[in-house]
Amino acid sequence: QVQVVESGGGLVQAGGSLRLSCAASGSIFSIYAMGWYRQAPGKQREVVAGITSGGSTNYAYSVKGRFTISRDNAKNTVYLQMNSLKLEDTAVYYCNGNPPRLDWGQGTQVTVSS
């Protein structure tokens, strides 16, 4: 079973950037389609971006053009580069399979301030 640990969150001003990382254990990571998800206070968890094992990507409309998902299979890591951050991007960010099939990690908090 692949397990994930997210990192890279923090406090950033609107318009700033952050890069999230998701380190996965397990030798079969490379065959998984992976995704980044987020959950804001009082809201349901939503998918933000996805990447297939072959590197094809897709994004939620709200982040398209601002966020970039990538993966390094040799390092068992998935990244989320977030640029032009907005207040509404504030949330706990998680990674998981796409669709989700793994135990959820702790997530990493992203807070965007004005």
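Along each chain, numbering runs from 1 in the same order as the chain's sequence is written. It should be noted that, the model being predicted, local features are given only for residues of pLDDT at least 70 and side-chain atom pairs only at 80 or more, the latter also being counted only at that level, while totals for whole chains, interfaces and linings use all residues. Neither water nor hydrogens contribute to the side-chain values; these are computed over all heavy atoms in the structure.

Taken in spatial order, the four strands line up as β1-β3-β8-β7 in an open sheet, and their pairing is antiparallel. The open sheet is flanked by β1 (4-7) and β7 (67-72), the only strands paired with a single partner. Each adjacent strand pair in this sheet contributes to an overall mean axis angle of 15°, direction not counted. Examined bridge by bridge, β7 and strand β8 (residues 77-82) share six bridges and lie antiparallel to one another. Paired with Arg-71 across the bridge in β8 is Val-78. Criterion used throughout: strands pair if DSSP finds at least two bridges between them. The helix and strand labels rest on DSSP assignments: H or I over at least four residues marks a helix, E over at least two residues marks a strand, and numbering proceeds from the N terminus. In this analysis, axes come from line fits to C-alpha atoms, helices being fitted only over the stretch in contact, and the angle between any two N-to-C directions falls in the range 0 to 180 degrees.

The rule for a salt bridge is simple: a side-chain nitrogen of Lys or Arg has to be within 4 Å of a carboxyl oxygen of Asp or Glu. A complete count under the given rule lists three salt bridges for this structure. Note that Arg-38 and Asp-89 form a salt bridge whose closest N and O atoms lie 2.9 Å from each other. Residue Arg-38 is located in strand β4 (residues 34-39), and its partner Asp-89 is located in the loop between β8 and β9 (91-97); the two are separated by 51 residues in the primary sequence. The salt bridge involving Asp-89 is made with Arg-66; its shortest N-O contact spans 2.7 Å. With a gap of 23 residues between them, Asp-89 in the loop between β8 and β9 and Arg-66 in the loop between β6 (57-59) and β7 connect regions that are remote in the sequence. Categorising residues by exposure relies on relative accessible area from a 1.4 Å probe, with only protein chains included: less than 20% of the type maximum marks a residue as buried, more than 50% marks it as exposed, and the intermediate range marks it as partly exposed. For Asp-89, a relative accessible area of 0% puts it in the buried group. Ionic contacts of the salt-bridge type, sharing partners, join the residues Arg-38, Glu-46, Arg-66 and Asp-89 into one network.

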